[in-house]
Amino acid sequence: MDDDLDQLFLRAASESAHHRTRVDELPVHPSPDRSALDAAFGGPLLTGPTDSQRVVEDLIAAARPGLVGTVGPRFFGFVIGGASPAATAADMLAAGWDQCAYNEVLSPAAAAAERAAGGWVKELLGIPGQASVGFVTGAQAANTVGLAVGRQRVLADAGWDVALDGLCAAPRVAIVASEERHATIDRAARLLGFGTRSIEPVAATTQGAIDVDALRAKLDELRGRPVIVCLQAGNVNTGACDDLRAATELAHDHAAWVHVDGAFGLWAAASARTAHLVDGLELADSWGTDAHKWLNVPYDCGLAFCADASLHAATMSYAAAYLTGSGALSDPVLGDLTPESSRRARGFAVWAALRELGRDGVAELVDRCCALARRMALRLETGGATVHNDVVLNQVLVSVGDPARTDELVGAVQQEGTCWVGGTTWRGRRLIRISVSNATTTEGDIDASADAILAVAASMAAANP
Ligand SMILES: *Cc1c(COP(=O)(O)O)cnc(C)c1O
């Protein structure tokens, strides 16, 4: 029996390792046949049991044709990151141990790992040591937590307890955010009952950071109203970071809550070369970031931080008589800081990633991705492409030839298979969007990918001048 379990788990582990070694050789995207995948996974729900080994073999066979090389070195879409060896193994253990990270009683080990890893992340990012840390699914959840705690505070300042009385008759809160905010802010505004009409957009600079003068004007206009200001470290198109110091000081002069969406950009703080981009981040009231992007932790894992730890716990916690350890906000349990109650033990993977890299390793990872992004931009530009952003971080926006044909080019590059890039609309132009955030990407990968993009563009131009 134990031998069987060993075999089963080893099979899952060796398939995972096999996928990693193969990912470099296969097209980055499999262009899967959806109906074939549905057929492989589908069929009737069986009445009786199936042997576990058989189930795993069936799963591997069914899934393989539909796996995307996001863990590989030439996937430049979204901001995906990779999955480091130790962090991946740690996540396998989190599943194998099946720990529930709700509280200390359920898993003293998971709680200790979150305390340690959360502390290390604060140290690396320059978030104040007293800040609370909730391990969540990603920056969407982290942004929602930050806005929820901010909602509690700014409405309390206006004499309203939103936890008790809800939003219906509450003073109207304004969410002030750049016109180039991430779309998760809008979803958080919907989920939290503000509605997207509560969002007061502020103009962005030519690089996509919040325009501080426009922010000042907006805050003056909103004087007297409860305000949450949502800043950004790492524009998802350009990588630009808001002037966190100036914007936070302004917002605090207006008694606003300041949340920083730093899904990937906050990691700029981990390197001396890029830390200036997020100068002043420590002044904010709450922060959201991802571990599954730039830290190269497997999906999913994000972190929600709040400078006021007890307000964080008061906003997110709940109590029930059967839940040991719940209710004392001076010593919140893990589940008092997250929207979830039962939760996978994400701290193990973050702990492992940070232990594997060390402080210098994280800085080097950030520097390397930025250098590779600049290399990509330069190589494409040398080949005739136009780079549309200052490549300050790991994001590159380019066009090759006519921007009106960008989508056609993006599709053809994806089809060609050397690398995967996405398209975006930025400042009215359709552009190719390239994000470098995988620890395994090399200069060779960048060169091969840039050359492939240029070659595809050239053959498109030749076929249809
Ligand atoms: C990716 C991203 C998000 C959303 O993060 P998830 O991990 O997908 O929840 C939010 N903001 C920014 C700037 C991002 O890059």
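Structure first, text after, so check above.
Here is a short report on the structure shown in this document. Going along each chain's sequence as written, the residues are numbered from 1 onward. This being a predicted model, a pLDDT of at least 70 is required before a residue's local features are given, and a value of 80 or more before pairs of side-chain atoms are given or counted; all residues contribute to the totals for chains, interfaces and linings. Side-chain figures throughout are based on the complete set of non-hydrogen atoms in the structure, without hydrogens or water.

1. Some thoughts on the state of the cysteines
Throughout, a disulfide means two cysteine sulfur atoms within 2.5 Å of one another. Applying the stated criterion to the full structure yields 0 disulfides. In this structure Cys100 is not part of a disulfide, and its nearest cysteine sulfur, from Cys301, lies 15 Å away.

2. Some words on the pairing of strand β9 (residues 395-399)
Each residue is assigned to one of three classes by its accessible area relative to the maximum for its type, calculated with a 1.4 Å probe on protein chains only: buried under 20%, partly exposed between the two thresholds, exposed over 50%. Under the DSSP-based scheme used, a helix requires at least four consecutive residues in state H or I and a strand at least two consecutive residues in state E, with every element numbered from the N terminus. Among the 5 residues of β9, 5 are classified as buried, and the element is accordingly described as predominantly covered. By the alternation rule, side chains of β9 split into Gln395, Leu397 and Ser399 and Val396 and Val398, which are all buried. Note: strand β8 (residues 386-387) against β9, 2 bridges, orientation antiparallel. Within β9, the residue paired with Thr386 across the bridge is Ser399. Here a strand pair is declared whenever DSSP counts at least two bridges between the two strands. Where β9 and strand β11 (residues 429-435) come together, 4 bridges link them in antiparallel fashion. Among the inter-strand pairings, Val398 is bridged to a residue of β11, identified as Ile432.

3. Details of the site of the ligand
We call a residue near a given molecule or strand whenever any one of its heavy atoms falls within 4 Å of it. In the vicinity of the ligand there are 14 residues, among which Gln140, Asp261, Asp290, His292 and Lys293 approach most closely. N or O atoms within 3.5 Å of each other form a polar contact, as long as, within protein, one can give a hydrogen and the other can take it, and as long as residues adjacent in sequence are counted only when both atoms are side-chain atoms. Within the side chain of His182, a nitrogen or oxygen atom sits 3.5 Å from a nitrogen atom of the ligand. Here Asp290 contributes a side-chain N or O atom positioned 2.8 Å from an oxygen atom of the ligand. Using the Shrake-Rupley algorithm and a 1.4 Å probe, accessible areas are obtained, with residue cover drawn only from the displayed protein chains. Contact with the protein chains removes 85% of the 380 Å² of surface that the ligand exposes when unbound. Per-element accounting of the shell around the ligand gives the leading share, 3 residues, to helix α6 (residues 139-157). Throughout this entry, Asp, Glu, Lys and Arg are counted as charged residues, while Ala, Val, Leu, Ile, Met, Phe, Trp, Tyr, Cys and Pro are counted as nonpolar. The remaining residues, Gly among them, count as polar. Residues that form the shell around the ligand fall into these classes: 4 nonpolar, 7 polar and 3 charged.

4. Remarks on the pattern of salt bridges
Whenever Lys or Arg places a side-chain nitrogen within 4 Å of a carboxyl oxygen from Asp or Glu, that contact is recorded as a salt bridge. Taken as a whole and judged by the stated rule, the model has 29 salt bridges. The partner of Arg216 in a salt bridge is Asp213, and the shortest N-O contact between them spans 2.8 Å. Remark: Asp213 and Arg216 occur in helix α9 (residues 212-221); sequence separation between them is 3 residues, near one turn of the helix. Look at Asp213 and you get exposed, because its relative accessible area is 53%. Here Arg405 and Glu408 are joined by a salt bridge, their closest N and O atoms 3.3 Å apart.

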